[in-house]
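Inside the fold
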Amino acid sequence: MPVSRIAIGGAGEVSQPDAIKAALAEFISMLIFVFAGQGSGMAYNKLTNNGAASPAGLISASLAHALGLFVAVAVGANISGGHVNPAVTFGAFLGGNITFFRGVLYWIAQLLGSVVACGLLKFATGGLSTGAFALSSGVNVGNALVFEIVMTFGLVYTVYATAVDPKKGNLGVIAPIAIGFIVGANILAGGAFDGASMNPAVSFGPAVVSWSWDNHWVYWVGPLVGGGLAALVYDIIFIGQSNHEQLPVADY
């Protein structure tokens with residue numbers, strides 16, 4: 001069982017040079033991702049004078065997030081593993097692929113990266129609003145929670161299949177592309193309902209800068225539950241105790 005492989009690590013681990021470099025890589029990758037994704041939404045609002053949501057806006061958000069995440073994962077993969085998502089880090093922890101203390105360090109870096117990206121966007125656009133994630137009309141917290149759980153399950157399952165599985169072989173080369181694609185596809189599926197976060201850090205930055213916290217817990221609980229379930233399902237069924245190999249941090 002994966003639970004038997006969970007590693008807590010030690011507090012001294014967070015001061016090690018490789019851990020600090022990995023956290024910095026997560027910070028930069030998250031800044032790149034959120035700046036591109038959140039910025040695309042702000043640009044769309046400016047071009048349409050804050051017009052109503054439209055299919056074109058949804059497609060542009062999907063493309064911006066897919067391309068931004070592809071780059072963010074790719075540039076961080078060799079240093080931190082390119083998690084760029086607290087839910088991915090949580091899933092890696094449950095699978096025994098990262099220690100608790102390093103995971104906390106990643107979380108801090110990811111959250112700070114998102115906040116800094118949103119702060120820079122607000123400054124660079126002359127004070128335009130960084131829209132916090134919110135539920136659409138007619139969508140309740142239960143609906144949104146299911147969306148976030150299912151979408152993040154698909155994301156973390158993809159991460160495990162293409163980047164974590166020791167049997168991935170050459171498939172690992174396209175991991176950033178596959179991860180970006182699943183996020184873009186999920187935004188097309190759920191973006192009109194709850195914004196399709198799949199990433200607590202992506203929701204946290206805009207919430208801090210705009211100071212809007214309505215139903216914010218949904219964007220933490222849903223992704224963490226979905227990511228955790230995906231990690232457990234993939235690890236137990238497809239990796240298993242007999243052929244599991246502890247992976248270096250650079251490979252999640």
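Just so you know, these numbers come straight off a predicted model, no measurement behind them.

Once that is clear, we can look at a nonpolar patch on the surface. A cluster of nonpolar side chains, namely Leu24, Ile28, Ile32, Phe70, Val71, Val75, Leu171, Val173, Ile174, Ile177 and Phe181, defines an oily patch on the protein surface of about 950 Å² accessible area. Within the residue set of the nonpolar patch, elements represented by two or more residues are helix 1 (17-47), helix 2 (55-76) and helix 6 (175-194).

We now examine the pattern of salt bridges. For the coordinates displayed, the defined rule picks out 3 salt bridges. Salt-bridge contacts for Glu13 lead to Arg102; the nearest nitrogen and oxygen are separated by 3.4 Å. One end of the pair, Glu13, is in the segment before helix 1; the other, Arg102, is in helix 4 (residues 100-124), and 89 residues separate them in sequence. The exposure class assigned to Glu13 is buried, which follows from its relative accessible area of 13%. In this structure, Asp18 and Arg102 form a salt bridge, with 3.0 Å as the shortest nitrogen-oxygen distance. Note that Asp18 is positioned in helix 1 and Arg102 in helix 4, a separation of 84 residues in sequence. Given a relative accessible area of 6%, Arg102 falls into the buried group. Here the salt bridges do not stand alone but share partners, grouping Glu13, Asp18 and Arg102 into one network.

Another point: the UniProt feature "transmembrane region" (unreviewed entry) in the protein. UniProt records the feature "transmembrane region" (unreviewed entry) at residues 22-44, 56-75, 87-108, 115-135, 141-160, 172-193 and 217-237, using the numbering of this structure. Across residues 56-75 one finds 100% helix and 0% strand; the C-alpha atoms that close the span lie 29 Å apart. Strand forms 0% of residues 115-135 and helix 48%; the C-alpha atoms that close the span are 21 Å apart.

We note that Ala196 has phi near 55 degrees; this positive angle belongs to a residue other than glycine. With respect to the helices and strands, Ala196 occurs in the loop between helix 6 and helix 7 (200-210). Notably, Asn215 is not glycine yet its phi reads approximately 55 degrees, a positive angle.

This part covers the side chain of Ser203. For Ser203, the position within the fold is in helix 7. Polar contacts involving the side chain of Ser203 include one to the side chain of Ser197, which spans 2.6 Å. If sequence neighbours within four positions are ignored, Ser203 has contacts with Phe133, Ser197, His216 and Tyr219.

What counts and how
- Residues numbered from 1 in each chain as written.
- Predicted model: local features only at pLDDT ≥ 70, side-chain atom pairs only at ≥ 80, totals over all residues.
- Heavy atoms only, no water.
- Patch = residues over 30% accessible without salt bridge, like charges linked within 9 Å, V, L, I, M, F, W, Y side chains within 5 Å.
- Areas by Shrake-Rupley, 256 points an atom, 1.4 Å probe, with all protein chains shown as cover.
- Salt bridge = Lys/Arg side-chain N within 4 Å of Asp/Glu carboxyl O.
- Helix = DSSP H or I, 4+ residues; strand = E, 2+ residues; numbered from the N terminus.
- Buried < 20%, exposed > 50% of the residue type's maximum accessible area, 1.4 Å probe, protein only.
- UniProt positions renumbered as here; feature names shortened; annotations may be inferred.
- Polar contact = N/O pair within 3.5 Å; in protein donor to acceptor, adjacent residues only side chain to side chain.
- Contact = heavy atoms within 4.5 Å.

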